[in-house]
Amino acid sequence: SEEVIIAGILHDTVEDSTTEKKVTREMITERFGDKVAELVLSITETNKELSWEERKTEALEHIKKFSQESVLIKSADVISNMSELLDDHEQEGESVWERFNAPKDKLLQNAHLVISGLINRWPESLLASDLQVINDYLMEIESPNQYP
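Calculation rules
- Residues numbered from 1 in each chain as written.
- Predicted model: local features only at pLDDT ≥ 70, side-chain atom pairs only at ≥ 80, totals over all residues.
- Heavy atoms only, no water.
- Salt bridge = Lys/Arg side-chain N within 4 Å of Asp/Glu carboxyl O.
- Helix = DSSP H or I, 4+ residues; strand = E, 2+ residues; numbered from the N terminus.
- Buried < 20%, exposed > 50% of the residue type's maximum accessible area, 1.4 Å probe, protein only.
- Axes fitted to C-alpha atoms, helices over the stretch in contact; angles between N-to-C directions.
- Parallel < 35°, antiparallel > 145°, perpendicular 65-115°, else oblique.
- Left-handed = near helix turned anticlockwise from the far one by under 90°.
- Contact = heavy atoms within 4.5 Å.

1. Section: the pattern of salt bridges
Here is step 1 of the chain: Under the defined criterion, the tally for this structure stands at 10 salt bridges.
Here is step 2 of the chain: The shortest N-O distance in the salt bridge between glutamate 45 and arginine 55 comes to 2.8 Å. With glutamate 45 in the loop between α4 (34–42) and α5 (52–63) and arginine 55 in helix α5, this pair connects stretches of sequence that are 10 residues apart. Residues glutamate 45 and arginine 55 agree in their burial class; the two are buried.

Right, here's the structure in full:
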């Protein structure tokens, strides 16, 4: 739907906006409607005060309650982010992990958990097979030459 597409475009606006130019639910609702705001917030990490591990654990719990629309948006986000990471890894090698706030093993473990959570939440999603392909590539990075 148009609302899912708009929410997909806006998916990180609340989470990544600065304090000086904070994007709020009210702003999204005013400009795009309540459904779009609801979808954006459904996949947003709400408490940046938590540690990385706590935020990721909370996010994994939220996936279990996602609507199919939220699964689509989050799946597209994961596919986009992980595809970029895989491309960067191919170009830069292991130094790519230095840009993150968590070590490689924790990042990959979280990616696997998010991907499996999304697939489990909606196995028939049109993006489930793409998520699995990304997961397979991530497994190759995690343990080179161990997977076909």
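After that view of the structure, there is still more to cover.
2. Things to note about the environment of isoleucine 9
Here is step 1 of the chain: Tracing the chain through its elements places isoleucine 9 in helix α1 (residues 2–10).
Here is step 2 of the chain: With 31 residues separating them along the chain, isoleucine 9 and valine 40 place their C-alpha atoms 9.1 Å apart.

3. Some remarks on the packing of α4 against helix α6 (residues 68–92)
Here is step 1 of the chain: Where α4 contacts α6, the axes come no closer than 9 Å and their chain directions differ by 60 degrees. Our classification of the angle between α4 and α6 gives oblique. Viewed along their axes, α4 and α6 form a crossing whose handedness is right-handed. For the pair α4 and α6, contact is made by Lys35, Leu39 and Ser42 and by Glu69, Ser70 and Ile73, respectively.

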